[in-house]
Amino acid sequence: MNKLIGILFIILLGILSAHANVFEHEQKLENIINKVPAFGDVECKFYQEKFMKNSQIILKSSGDFKYEKNKGVTFYTTEPIKSTVSYTSREYRQINSIINAISNKSYSKIEKDFKFYFTQNAENWNLGMIPKAESPSYNYLKSIEIEGNQSMITKMIILSMDSVKTTIWFKK
């Protein structure tokens, strides 16, 4: 019986360490740059969950996602209601600049505003960003976590200062 418990404990420990929190691995930007691929224009499906901590509500939506390097990001939501959100205008300049910097590997544009964290395994990478105190994002954004592989970004988690957690999955 003790042997079985020991084996289960080792397996559990292995699973937990395989899913380590990216924010436990602060990295210098020069160590990350060559590990995250550059991306071109992308069109895919997305699924989003927005968790409002104060009300315990989870808002779910899905639809089509489009990223064009020279234009920005657009979410065409089809469920539960149809809408279009474009991160190309002035009011979304900060979000668009972060996405452009990561997809173009132009991290110097955001290096002054964020601390970087990074983990990688054989198939996937995970990039975490926390705003620095002097950054304009510091007052409204706790963290951004981006997961991907060699062909695309597969997941983004955005945690705001008001504890709203938005998770977006991307699928080809």
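Just above, that's the structure.
Trainee: Tell me about unusual backbone geometry, residues and numbers included.
Mentor: The amide bond that connects E79 to the next residue, P80, takes the cis arrangement and shows omega of 0 degrees. With respect to the element layout, P80 can be found in the loop between β4 (72-79) and β5 (83-87). A positive phi angle, near 60 degrees, is found at Q56, a position not held by glycine. Within the fold, Q56 resides in the loop between β2 (42-52) and β3 (57-68). Despite not being glycine, S163 has its phi angle at roughly 65 degrees, a positive value. Inspection of the secondary structure assignment puts S163 in the loop between β9 (153-160) and β10 (164-171).

Trainee: For the packing of aromatic side chains, give the residues involved together with the corresponding values.
Mentor: Working definition: an aromatic ring pair is given by the centre-to-centre distance plus the angle between the planes. This model, assessed by the stated rule, comprises six aromatic pairs. A ring pair is formed by F75 and F170, whose centres lie 6.5 Å apart and whose planes are at 35 degrees; its orientation type is tilted. Residue F75 is found in strand β4, and its partner F170 is found in strand β10; the two are separated by 95 residues along the sequence. No difference in accessibility class separates F75 from F170, as the two residues are buried. Within the aromatic cluster, the residues linked to one another by ring pairs are F46, F65, F75 and F170.

About the thresholds
- Residues numbered from 1 in each chain as written.
- Predicted model: local features only at pLDDT ≥ 70, side-chain atom pairs only at ≥ 80, totals over all residues.
- Heavy atoms only, no water.
- Helix = DSSP H or I, 4+ residues; strand = E, 2+ residues; numbered from the N terminus.
- Phe/Tyr/Trp six-rings, centres within 6.5 Å; stacked < 30°, edge-to-face > 60°.
- Buried < 20%, exposed > 50% of the residue type's maximum accessible area, 1.4 Å probe, protein only.

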